[in-house]
Amino acid sequence: KGIGKLKRLHDLIVRNNRLKALPESVCELRSLGFFTASNNNITTLPENIGNLENLHIFLAWQNNLNRLPNRIGRMKAVRHADFRYNNLTALPASLSLWSSIESFKLTGNPVCAGMRKQELPTNLQTVRESLCTKECAVNCPSFGVGDGDCDDDEYIYSLTKSFDSSARPKSQAGCNTKTCNDDG
């Protein structure tokens, strides 16, 4: 509950913590620009997550999210959103308010099965091609694809060793390998 008191917090990283939920007080972090809650067991996001109006990067891949709150569209500054590998079956209409979106990933969600038939808001048409595109490296954050951020196996290793001290680099496990070239 005390996290909401960190009014000037800019980056919040709570990945790999087996979290089942986020406290509602996270919605009080109005200065937040980067938020990752990936690789947890989160089933729902707080209803007031849209209060994070200054958020630019929101990563919540590999959770158990069943839906996105309707108010999520109020996060108008979002440029990169990644909800890959959850259980999303529909998208809220409020996503039409995301006017700054550059990258939006939904690969591995049931909603992708009917994506071609589903009408997308105009603002999401520019990212439509990559919405449900399968990526060869699941743990490469989508906002880094194309900018050299995921250039070798060491990137995946550095993510893994932060929560598993016995981890060792795996050959051909990164985002840019002989079999996986996400950065082109």
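## Concerning the overall build of the chain
For the chain, the helix and strand inventory stands at two helices and five strands. Reading the chain from its N end, one meets helices and strands in the order β-β-β-β-β-α-α. With 184 residues in all, the chain has 47% of them scored as buried. Considering only contacts within the chain whose residues lie at least 6 apart along the sequence, 34% involve residues at least 24 apart. When the accessible surface of the chain is summed, it comes to about 9500 Å², and 48% of that surface belongs to carbon and sulfur atoms.

## So, the pattern of salt bridges
Enumeration according to the criterion identifies four salt bridges in this entry. Here Glu-47 makes a salt bridge to Arg-67, at a shortest N to O gap of 2.2 Å. One end of the pair, Glu-47, is in the loop between β2 (34-36) and β3 (57-59); the other, Arg-67, is in the loop between β3 and β4 (80-82), and 20 residues separate them in sequence. Linking Glu-102 and Arg-79 is a salt bridge whose minimum nitrogen-to-oxygen distance equals 3.8 Å. Here the residue Glu-102 occupies a position in the loop between β4 and β5 (103-105), and Arg-79 occupies one in the loop between β3 and β4, the gap between them amounting to 23 residues. The class for Arg-79 is partly exposed, based on a relative accessible area of 30%.

## Re the packing of aromatic side chains
Enumeration over the complete set of coordinates arrives at four aromatic pairs. Ring geometry for Phe-83 and Phe-104: centres 6.3 Å apart, planes at 85 degrees, overall edge-to-face. Within this pair, whereas Phe-83 is found in the loop between β4 and β5, its partner Phe-104 is found in strand β5, the two being separated by 21 residues in sequence. Neither residue differs from the other here; Phe-83 and Phe-104 are each classed as buried. Three or more aromatic residues joined by ring pairs make a cluster, and in this case those are Phe-35, Phe-58, Phe-83, Trp-98 and Phe-104. In this structure, Arg-84 is placed above the aromatic ring of Trp-61, and the distance from its NZ or CZ to the ring centre is 5.3 Å.

## Describing the confidence of the model for the chain
Chain-level statistics for the chain give a pLDDT mean of 79 and a share of 70% at 70 or above. Between the elements of the chain, mean pLDDT differs from a low of 51, seen in helix α2 (residues 153-161), to a high of 94, seen in β2.

## What to know about the sheet that holds β3
An order of β1-β2-β3-β4-β5 is seen for the five strands of this open sheet, with the pairing classed as parallel. Edge positions in the open sheet fall to β1 (11-13) and β5, since each of these has one partner strand only. Strand-to-strand twist of the sheet, defined as the mean angle between neighbouring strand axes without regard to direction, takes the value 5 degrees. Both β1 and β2 contribute to a ladder of three bridges, which runs parallel.

## Focus: the nonpolar core
If you look at the biggest cluster of nonpolar residues, it comprises 37 residues, and the most contacted ones within it are Phe-35, Phe-58, Ile-72, Phe-83, Trp-98, Phe-104 and Leu-106. Ignoring any residue separated from it by four or fewer positions in sequence, one finds Leu-106 in contact with Phe-83, Arg-84, Leu-88, Leu-91, Val-111, Cys-112, Met-115, Leu-131 and Cys-132.

Calculation rules
Residues numbered from 1 in each chain as written. Predicted model: local features only at pLDDT ≥ 70, side-chain atom pairs only at ≥ 80, totals over all residues. Heavy atoms only, no water. Helix = DSSP H or I, 4+ residues; strand = E, 2+ residues; numbered from the N terminus. Buried < 20%, exposed > 50% of the residue type's maximum accessible area, 1.4 Å probe, protein only. Contact = heavy atoms within 4.5 Å. Areas by Shrake-Rupley, 256 points an atom, 1.4 Å probe, with all protein chains shown as cover. Salt bridge = Lys/Arg side-chain N within 4 Å of Asp/Glu carboxyl O. Phe/Tyr/Trp six-rings, centres within 6.5 Å; stacked < 30°, edge-to-face > 60°. Lys NZ or Arg CZ within 6 Å of the ring centre and 35° of its normal. pLDDT = per-residue confidence, 0-100. Pairing = 2+ DSSP bridges. Axes fitted to C-alpha atoms, helices over the stretch in contact; angles between N-to-C directions. Core = buried A, V, L, I, M, F, W, Y, C linked by side-chain atoms within 4.5 Å.

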